[in-house]
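Chain residues, written in single-letter form:
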Amino acid sequence: MFGLHPPVTDHLSIITVIKMPIAHTESPLYCDFYDVDWEVFNGTFKKKLKSSPANLLTNRNDYNSLIITEHVPLCKLCAFTMCWWTPALSDLKKCWTKAEHAAYKYLDIHGHPSKEEAQHLPKELASAIKEAHTVH
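Summary of the structure given here. (Residues numbered from 1 in each chain as written. Predicted model: local features only at pLDDT ≥ 70, side-chain atom pairs only at ≥ 80, totals over all residues. Heavy atoms only, no water.)

## What to know about the overall build of the chain
Working step 1: Secondary structure summary: the chain contains five helices and two strands in total.
Working step 2: Helices (α) and strands (β) of the chain occur, in sequence order from the N terminus, as β-α-α-α-β-α-α.
Working step 3: Scored against the burial criterion, the 136 residues of the chain give a buried share of 14%.
Working step 4: For the chain, long-range pairs separated by at least 24 residues make up 60% of all intrachain contacts whose partners lie at least 6 apart in sequence.
Working step 5: Put simply, the chain shows about 11800 Å² of open surface, and 62% of that area lies on carbon and sulfur atoms. (Helix = DSSP H or I, 4+ residues; strand = E, 2+ residues; numbered from the N terminus. Buried < 20%, exposed > 50% of the residue type's maximum accessible area, 1.4 Å probe, protein only. Contact = heavy atoms within 4.5 Å. Areas by Shrake-Rupley, 256 points an atom, 1.4 Å probe, with all protein chains shown as cover.)

## Section: the nonpolar core
Working step 1: One finds Trp 84, Leu 89, Leu 92, Ala 99, Ala 103, Ala 118, Leu 121, Leu 125 and Ala 132 forming the largest nonpolar core, which totals nine residues.
Working step 2: Apart from the residues within four sequence positions on either side, Ala 99 is in contact with Ser 114, Glu 117, Ala 118 and Leu 121. (Core = buried A, V, L, I, M, F, W, Y, C linked by side-chain atoms within 4.5 Å.)

## Digging into the packing of aromatic side chains
Working step 1: According to the stated counting rule, one finds two aromatic pairs in the structure shown.
Working step 2: Centroid distance Phe 33 to Trp 38: 6.4 Å. Interplanar angle 10 degrees. Geometry classified as stacked.
Working step 3: Here Trp 38 falls in the partly exposed class, since its relative accessible area comes to 39%.
Working step 4: Ring centres 5.2 Å apart and planes at 75 degrees place the aromatic pair Trp 38 and Phe 41 in the edge-to-face group. Placement of the pair is Trp 38 and Phe 41 together in helix 1 (residues 38-51), with a separation of three residues, close to one helical turn.
Working step 5: Overall, the relative accessible area of 13% leaves Phe 41 in the buried class.
Working step 6: By the ring-pair criterion, three or more aromatic residues cluster together here, those being Phe 33, Trp 38 and Phe 41. (Phe/Tyr/Trp six-rings, centres within 6.5 Å; stacked < 30°, edge-to-face > 60°.)

## Quick notes on the packing of helix 4 (residues 87-105) against helix 5 (residues 113-135)
Working step 1: Orientation of helix 4 relative to helix 5, taken along the N-to-C sense of each, is 160 degrees, at an axis distance of 8 Å. Accordingly, the angle class assigned to the pair helix 4 and helix 5 is roughly antiparallel. Our pair here, helix 4 against helix 5, has a crossing hand that is left-handed. In contact with Leu 89, Leu 92, Lys 93, Cys 95, Trp 96, Ala 99, Glu 100, Ala 102 and Ala 103 of helix 4, helix 5 contributes Ser 114, Lys 115, Glu 117, Ala 118, Leu 121, Pro 122, Glu 124, Leu 125, Ala 128, Ile 129 and Ala 132.
Working step 2: Residue classes in the contact of helix 4 with helix 5 are distributed as 14 nonpolar, one polar and five charged. (Axes fitted to C-alpha atoms, helices over the stretch in contact; angles between N-to-C directions. Parallel < 35°, antiparallel > 145°, perpendicular 65-115°, else oblique. Left-handed = near helix turned anticlockwise from the far one by under 90°. Nonpolar A, V, L, I, M, F, W, Y, C, P; charged D, E, K, R; others polar.)

## Re the state of the cysteines
Working step 1: Applying the stated criterion to the full structure yields zero disulfides.
Working step 2: No disulfide involves Cys 31; its nearest neighbouring cysteine sulfur is the one of Cys 75, lying 8.3 Å away. (Disulfide = S-S within 2.5 Å.)

## Looking at helix 5
Working step 1: The end-to-end C-alpha distance of helix 5 is 33 Å, a good match for the 33 Å that 23 residues give at a rise of 1.5 Å each.
Working step 2: Residues of helix 5 that are buried: Ser 114, Ala 118, Leu 121, Leu 125 and Ala 132.
Working step 3: For helix 5, the elements touching its buried residues are helix 4. (Expected span 1.5 Å × (residues − 1).)

## A look at the side chain of Thr 44
Working step 1: Mapping Thr 44 onto the fold places it in helix 1.
Working step 2: Given the relative accessible area of 14%, Thr 44 is considered buried.

## Focus: the environment of Ala 132
Working step 1: Looking at where Ala 132 falls in the secondary structure, it is placed in helix 5.
Working step 2: Between the C-alpha atoms of Ala 132 and Thr 86, which are 46 residues apart in sequence, the distance is 7.9 Å.
Working step 3: Each residue touching Ala 132, except ones within four places of it in the same chain, is listed here: Trp 84 and Leu 89.

And the structure:
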């Protein structure tokens, strides 16, 4: 009985367990245009365009969807996906983290260059994030 008794109290906790089924929905798949090999994609498109230009013009949506399903991978988007985040921002964030660790390492040394770099990089990262937001 001591396991149910909270410390320093004279009463028992009220434990309620509610078993309700949770309806899960499948998130839709989206075309991931960031991972496309554009040279192969354009080559396939040019081949199809050269083989039958008249059909391509009349059934443009069919050809485009055919090429897209052939070369563009599908992905699930998470609710917390930052579509504007780029690999360049990841690299800049890694540099900033390393600079912060170096600045902490040389905390006692006055005027160490790592401290100046650690102060400069957050501003650079913030401006890069703002620019990525505006471009997206």
